[in-house]
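# Commentary on secondary and tertiary structure
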Amino acid sequence: MGDTLEFSDIYQEFKGSWNDGRLRFGKQTVVYKSSKTGKVDSIPAGELNLAQWRRVCLGHGIKLGTNSGHVYKYDGFRDTDMEKISDFFKANYKVELTEKDMCVKGWNWGTAKFSGPLLSFEVNDSTAFEVPLSNVSQCATGKNEVTLEFHQNDDTDVSLMEVRFYVPPAQADERQDPVEAFAENVLSKADVIQATGDAVCIFKELQCLTPRGRYDIRIYPTFLHLHGKTFDYKIPYTTVLRLFLLPHKDQRQMFFVISLDPPIKQGQTRYHFLILLFSKEEELSLTLNMSEEDVERRFEGKLSKNMSGSLYEMVSRVMKSLVNRKITVPGNFQGHSGAQCITCSYKASSGLLYPLERGFIYVHKPPVHLRFEEISSVNFARGTTTTRSFDFEIETKQGNQYTFSSIEREEYGKLFDFVNAKKLNIKNRGFKEGMKGKIDEYSDSDEDQHDAYLERMKAEGKIREEGNDSEESDGESDESFNPGEEDDDIAEEYDSNASASDSSEDGDDSDGENSKKKKAKKAKVVTEKKERKPRKEKKQRDAGAPKRPMSAYMLWLNASRERIKSENPGISITEISKKAGEMWRQLGKEDKQEWDIKAGEAKKQYDKAKKEYKESGGATAAATSSSKKESKKSGGKKEEKKRKSAGGGDKEKERGGGNDSFKSREFIETSEDSSSDTDRKSKSKSKTKSKTKKKTESDEEEEEAVPTPASSEEESD
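Residues numbered from 1 in each chain as written. Predicted model: local features only at pLDDT ≥ 70, side-chain atom pairs only at ≥ 80, totals over all residues. Heavy atoms only, no water.

Next up on the list: the overall build of the protein chain. Along the protein chain, the regular secondary structure elements total 15 helices and 31 strands. Expressed as a percentage of the 717 residues in the protein chain, the buried residues total 34%. (Helix = DSSP H or I, 4+ residues; strand = E, 2+ residues; numbered from the N terminus. Buried < 20%, exposed > 50% of the residue type's maximum accessible area, 1.4 Å probe, protein only.)

With that settled, the discussion passes to the sheet that holds strand β15 (residues 201–210). On the basis of which strands lie adjacent, the open sheet formed by eight strands has the order β18-β17-β16-β15-β21-β20-β19-β24 and mixed pairing. In this open sheet, the two strands that pair with only one neighbour each are β18 (232–236) and β24 (327–328). Here β15 runs beside strand β21 (residues 269–279); their pairing, made up of two bridges, is antiparallel. Bridge pairing links Cys208 to Leu276 in β21. Strands β15, β16 (213–219), β17 (223–227), β19 (240–247), β20 (253–266), β21 and β24 of the sheet are contacted by helix α4 (residues 311–323), whose axis makes an angle of about 100 degrees with β15. (Pairing = 2+ DSSP bridges. Contact = heavy atoms within 4.5 Å. Axes fitted to C-alpha atoms, helices over the stretch in contact; angles between N-to-C directions.)

What follows is about the pattern of salt bridges. All told, the structure shown has 16 salt bridges when counted by the stated rule. Glu130 is the partner of Arg54 in a salt bridge, and the nearest nitrogen-oxygen pair spans 3.5 Å. In this pair, Arg54 is assigned in strand β5 (residues 48–56) and Glu130 in strand β11 (residues 126–132), connecting sequence segments 76 residues apart. Judged on exposure class, the residue Arg54 and its partner Glu130 are both buried. Between Lys598 and Glu594 there is a salt bridge whose closest N-O contact spans 3.7 Å. Within this pair, Lys598 and its partner Glu594 are both found in helix α11 (residues 589–615), separated by four residues, close to a single helical turn. The network of salt bridges with common partners includes Lys33, Arg371, Glu373 and Glu374. (Salt bridge = Lys/Arg side-chain N within 4 Å of Asp/Glu carboxyl O.)

The next thing to look at is the packing of aromatic side chains. For the coordinates displayed, the defined rule picks out 31 aromatic pairs. With a centroid separation of 4.9 Å and 35 degrees between ring planes, the pair formed by Tyr32 and Tyr74 is classed as tilted. Within this pair, whereas Tyr32 is found in strand β3 (residues 29–34), its partner Tyr74 is found in strand β7 (residues 71–77), the two being separated by 42 residues in sequence. The same class applies to Tyr32 as to Tyr74, namely buried. (Phe/Tyr/Trp six-rings, centres within 6.5 Å; stacked < 30°, edge-to-face > 60°.)

Here the focus is the sheet that holds β11. Strand order across the open sheet formed by three strands is β9-β10-β11, with antiparallel pairing between neighbours. What marks the edges here is a single partner per strand, and that holds for β9 (111–115) and β11. Each strand of the sheet is rotated relative to its neighbour by a mean of 25 degrees, with strand direction disregarded. Relative to strand β10 (residues 118–123), β9 runs antiparallel, the two being bridged by five bridges. Paired with Ser115 across the two strands is Leu118, which belongs to β10.

Attention now goes to the side chain of Gln12. Structurally, Gln12 is set in strand β1 (residues 5–14). One polar contact links Gln12 to Asp41, side chain to side chain, over a distance of 3.4 Å. Excluding residues within four positions of it along the chain, Gln12 makes contact with Ser17, Trp18, Asn19, Tyr32, Asp41, Lys73 and Tyr74. (Polar contact = N/O pair within 3.5 Å; in protein donor to acceptor, adjacent residues only side chain to side chain.)

With that out of the way, let us pick up the nonpolar core. Core analysis: the largest hydrophobic core is formed by 40 residues, its most contacted members being Phe203, Ile219 and Leu224. A total of eight residues in this core trace back to one element, the largest contributor, which is α4. With residues up to four places along the chain from it excluded, the contact list for Phe203 reads Tyr215, Asp216, Ile217, Ile219, Leu284, Leu286, Leu311, Met314, Val315 and Val318. Ranked by size, the runner-up nonpolar core spans 26 residues in total, among them Phe333, Tyr402, Phe416 and Phe418. (Core = buried A, V, L, I, M, F, W, Y, C linked by side-chain atoms within 4.5 Å.)

Now for unusual backbone geometry. The step from Thr210 to Pro211 runs through a cis peptide bond, and the omega angle for that step is -5 degrees. Relative to the helices and strands, Pro211 resides in the loop between β15 and β16. For the bond running from Asp261 to Pro262, omega is 5 degrees, close enough to zero to count as cis. Residues other than glycine seldom take positive phi values, yet Glu300 does so here, at roughly 55 degrees.

Turning our attention to the confidence of the model for the protein chain. Any residue range with low pLDDT should be treated as having predicted coordinates unsuitable for detailed reading. The pLDDT averaged across the protein chain works out to 75; a share of 67% of its residues lies at or above 70. At the level of individual helices and strands, the protein chain shows its lowest average pLDDT in helix α6 (residues 431–441), which scores 39, and its highest in strand β27 (residues 359–363), which scores 94. The low-confidence segment residues 472–527, where pLDDT is below 50, has 42 contacts with residues more than four positions distant or belonging to other chains. The low-confidence segment residues 683–717 (pLDDT under 50) makes 26 contacts with residues lying over four places distant or belonging to another chain. (pLDDT = per-residue confidence, 0-100.)

Taken together, the side chains of Lys302, Lys320, Lys326 and Arg358 present a region of like positive charge at the surface. In this structure, Arg358 sits in the loop between β26 (349–355) and β27. (Patch = residues over 30% accessible without salt bridge, like charges linked within 9 Å, V, L, I, M, F, W, Y side chains within 5 Å. Areas by Shrake-Rupley, 256 points an atom, 1.4 Å probe, with all protein chains shown as cover. Lys, Arg positive; Asp, Glu negative; His and termini not counted. Charge placed at Lys NZ, Arg CZ, Asp CG, Glu CD.)

Here Asp216 lies in strand β16. It is Lys204 that comes nearest to the buried, bridge-free Asp216 among opposite-charge side chains, at 4.2 Å. Sequence-distant contacts of Asp216, defined by excluding residues within four places in its chain, comprise Phe203, Lys204, Glu205, His225, Leu226 and His227.

We now examine the pairing of β20. Judged by how many residues are buried, β20 sits mostly within the fold: 11 of 14 residues are covered. In the sheet, β19 pairs with β20 via seven bridges, with the strands oriented antiparallel. The partner of Leu245 across the bridge, within β20, is Phe256. Taken together, β19 and the strand that follows it, β20, pair antiparallel across an intervening segment of five residues, in which Gln251 is found at a positive phi of about 65 degrees. Taken together, the 10 bridges between β20 and β21 define a ladder with antiparallel strand orientation. Considered in β21, the bridge of Gln266 is made with Thr269.

With that settled, the discussion passes to the packing of helix α9 (residues 552–567) against helix α10 (residues 573–586). Axis separation between α9 and α10 bottoms out at 10 Å; the angle between their running directions is 115 degrees. Considering the relative orientation of α9 and α10, their crossing is right-handed. Contact with α9, carried on its side by Ala552, Tyr553, Trp556, Leu557, Arg561, Arg563, Ile564 and Lys565, involves Ile576, Ser577, Lys579, Ala580, Gly581, Met583 and Trp584 of α10 and no other residues of that element. In the contact of α9 with α10, the residues fall into nine nonpolar, two polar and four charged. (Left-handed = near helix turned anticlockwise from the far one by under 90°. Nonpolar A, V, L, I, M, F, W, Y, C, P; charged D, E, K, R; others polar.)

Structural data, given as structure tokens:
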């Protein structure tokens, strides 16, 4: 067994919501890290005195107790994990993992027991439910009732508001009222803030950016009290996640940021960060409202009764000692201007982005803190409004995207090197060289900027113009399709007077005007269609040939499929294949050797059967049958084409007899044969019209309507 046991996707209940994270059992400590907040719970192995294995809503869970009275509960284990956890506990912690059954009878009458920070309701010595007393926000008593009210969690769809307990009346020999005793036990461990006693110290009229205003900050031993003209906030130190001390870009002011979980509330607004702004020049002399002995005993030399210095130093020093958390400051990053931050915009507001050793923090509206471990990738994008700036995009593993825009392009190289040094995934890697070249080359010019996108558009426009010129030159060489020349007398089908001809020199003036209008119109550009490459014919599969043998993996999968289904009930088909792939990779060489031998035997049988099949003439027979099928198909296609061409000719004849004055340009040819054909057609058409008009008049109309196009030799002359 290894030195550690690690489990992912382990859940911890926090005020009615489940937060996932990772749990590691080591020889010295038990460590749990939340994926949402990054908060770490560390339990020394020597303090463990209780370990229970229980069936819970998310599979199986473990409950750990310490000598100091703290209780930790983690859920999300599998049934098969109990054995290895139990063995690890016996070997390293000297604590036996016991299995504890929960009561599922649904009874509402039982015994309430207070064990450390938990209120346990038991029925017949089996736990029905447990209430963490730190979730209790208020406790009220009645005649025979105790009402518990709970803190609300914004991350949950449904929250438990209150629970009422009926307490039987006191017996004659009992000295204390059981209702009062019950309430005292709850309040002793509940998270109920009561401003009793004097404050340790008070900071007057501090400028607060979030929530906005000026507040008096009163420091109590267990909570922080913000007192303003309009609102009051009481912040327990247990809700403080992190402390940040950040220098402003002007080097004259300091930000002190307090990260809170859960946030403080004002109506529907939630404040996850408390941001204070200080001037570096402000000095303060502070005296703690405690005796020197109490200060020494409580803070162990971190604070003294009388202190003096900058105001931001005093506030940060007191908060660090009371909250017992480290203060995070910017690391080695330095921007183009020498500051430890970058000026940018997030959403509609301008602010400062601080690259830290383990994350990014944006101040101030709205404040954003992103840890490196929750970042999926970063991206450097071109600015949407101008080329003088760029955007920095951060995408988290939960799918959220944060875009910090309007960053000066001089900051690009520094920020890229920082992100690269932290080994973050950069989407557009390789973009740095081109961007940096632009920065060095055009750093002194702000008005005349080099726009690569505009240059590319200009180049593509020149290519298009050259292509159009080449098409026009090709069209001029093709004389038969150029309607702009003087010798072209072809009547278009879309002209208003298609029956009029300009071939005769004795035409009227109106005919001359019509011919000029026709010459002014441009012909449609006809592009030649590219010949399609013939498709590759698929090889016909021989149905009588022996089937190919299966690989070693497929043989193993067919044998193990049912076992995988039974071990993972409800698993889908795609998940079976994924699971099987993982299991196959984990198999040793000895286990795989058995299936390799079976696959080799199947291959030998296939080769033997294939050889016998070829010797018996099966392959040649299949080839001849397939060639016959193809010849039948090709013959049938030829017959269909003949039928279509014959039918099309009849339709053309019918159309030709219907309208004698219409002749489309597509059917005009330059050969002498085409002219003779049109003469014969015009004669047949004139015979049909002789019933309504005189023969001489119809002959003249036919000569004008159907001109004989000039041959290619005459046009060239």
